[in-house]
Amino acid sequence: NLVFLCIVLTCLVLGVDLIGKLYKNSLTVGVSRTEFFFAKSFVLASIALLQLIASLVIAFVPSTLLNGLGTMPDGFITNLLLTIFLQFLCLLAWLSIVSFILYVTHSYLAVFIGYLVTSIILSMPMLIFPNIEILRYLSLNFAYAMTADSQSVLYTITVCIAIILFFSLSGLTVFKKKSL
C-alpha cells in the first residue's frame, strides 16, 4: 500500500529527527521551528509525489507491455491527471495525520498504531450516518472511476484540505510548544 510506504518514509525523514532530537542542531544554528516544520513538510510532500508517480509508472509499464496501449476514451488524460492530483491530496492528508502523531508522541510505534486507529475512526462516521454524503470521503481514498462525479471530486478536495490544514496546524502548534 502506497500510504504505508509513505508512512515508513515519513518515519525515516521526520521521525529520526524528532525521536533522536536531532532537530536541536538545526534550531541552535538559527533555523526557527516554523522553518524546520515547513521544510520537513515540503520534503514529505515531495517524497509523496515521487512515490505516487513511481507507483503509477510501476503499474502502467507492465500493464502496457502485457496488454498494449489500446485506445484511450475521451477525457482520459484529464481524468487521469485529476485522479493523480486527488490521490496526492489524500496521501498528503494521511501524512499530515502521521506527522501530527510523530510531533505529539515522538514514537514509531504510536505512528503505526495511530494509522490503524485513525483509519478505523475515519470510517466510523460513514457507518453511523450513511445519509450524509461527505462522510464517505473521510476514508481518504480516491479512484479513477470517481472522476465521473464532480460532487465526489469536490467532497474529496474539501475533506483532504480540511484534514491537511487541521493536522498540519495542530502539528506545528505542538512542535512550537514542546520544550527542547
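Just so it is clear, the model here is predicted, and its values are computed rather than measured.

Q: I tried to follow the packing of helix 3 (residues 33–67) against helix 6 (residues 150–177) on my own but got confused; where do I start?
A: A pair of packed helices is captured by two measures, namely the crossing angle of their axes and the spacing between those axes. At their nearest, the axes of helix 3 and helix 6 sit 10 Å apart, and the two run at 140° to each other. When the interaxial angle is binned, helix 3 and helix 6 end up oblique. Relative to helix 6, helix 3 is oriented so that their crossing is right-handed. Residues Arg 33, Thr 34, Phe 36, Phe 37 and Phe 38 of helix 3 pack against Ser 168, Gly 171, Leu 172, Phe 175 and Lys 176 of helix 6. Broken down by class, the residue content of the contact of helix 3 with helix 6 amounts to 5 nonpolar, 3 polar and 2 charged.

Q: Looking at this structure, how should I read helix 5 (residues 108–128)?
A: Structurally, the α-helix is built with 3.6 residues per turn, so residues lying three or four positions apart point the same way. Given a rise of 1.5 Å per residue, 21 residues ought to cover 30 Å, and the 31 Å separating the end C-alpha atoms of helix 5 matches this to within 8%. Along helix 5, the residues classified as buried are Val 111, Gly 114, Tyr 115, Thr 118 and Leu 122. If you follow the buried residues of helix 5, they end up packed against helix 1 (2–19) and helix 4 (76–105). N-capping of helix 5 is provided by Ser 107, with a side-chain oxygen placed 3.4 Å from the backbone N of Leu 109.

Q: What is the right way to look at the packing of helix 1 against helix 4 in this model?
A: Across the interface, helix 1 lies against helix 4 with an axial gap of 10 Å and an inter-helix angle of 35°. At the point where helix 1 passes helix 4, the crossing takes the right-handed sense. Mapping the contact onto sequence places Leu 2, Val 3, Cys 6, Ile 7, Thr 10, Cys 11, Leu 14, Gly 15 and Leu 18 in helix 1 and Leu 91, Trp 94, Leu 95, Val 98, Ser 99, Leu 102 and Tyr 103 in helix 4. Looking at side-chain class alone, the contact of helix 1 with helix 4 contains 13 nonpolar, 3 polar and no charged residues.

Q: Hey, could you run me through the side chain of Thr 118 in this one?
A: Here Thr 118 lies in helix 5. In this structure Thr 118 touches Trp 94, Ile 97 and Ile 101, once residues within four positions along its chain are discounted.

Q: Got a minute to help me understand the packing of aromatic side chains in this structure?
A: Two aromatic rings are characterised by how far apart their centres lie and by the angle between their planes. Counted according to the given criterion, the structure contains 12 aromatic pairs. Between Phe 37 and Tyr 103 the ring centres are 5.2 Å apart and the planes differ by 40°, which places this aromatic pair in the tilted class. With Phe 37 in helix 3 and Tyr 103 in helix 4, this pair connects stretches of sequence that are 66 residues apart. Taken as a pair, Phe 37 and Tyr 103 share a single burial class, namely buried. Three or more aromatic residues joined by ring pairs make a cluster, and in this case those are Tyr 23, Phe 36, Phe 37, Phe 38, Tyr 103 and Phe 175.

The rules we used
- Residues numbered from 1 in each chain as written.
- Predicted model: local features only at pLDDT ≥ 70, side-chain atom pairs only at ≥ 80, totals over all residues.
- Heavy atoms only, no water.
- Axes fitted to C-alpha atoms, helices over the stretch in contact; angles between N-to-C directions.
- Helix = DSSP H or I, 4+ residues; strand = E, 2+ residues; numbered from the N terminus.
- Parallel < 35°, antiparallel > 145°, perpendicular 65-115°, else oblique.
- Left-handed = near helix turned anticlockwise from the far one by under 90°.
- Contact = heavy atoms within 4.5 Å.
- Nonpolar A, V, L, I, M, F, W, Y, C, P; charged D, E, K, R; others polar.
- Expected span 1.5 Å × (residues − 1).
- Buried < 20%, exposed > 50% of the residue type's maximum accessible area, 1.4 Å probe, protein only.
- Polar contact = N/O pair within 3.5 Å; in protein donor to acceptor, adjacent residues only side chain to side chain.
- Phe/Tyr/Trp six-rings, centres within 6.5 Å; stacked < 30°, edge-to-face > 60°.

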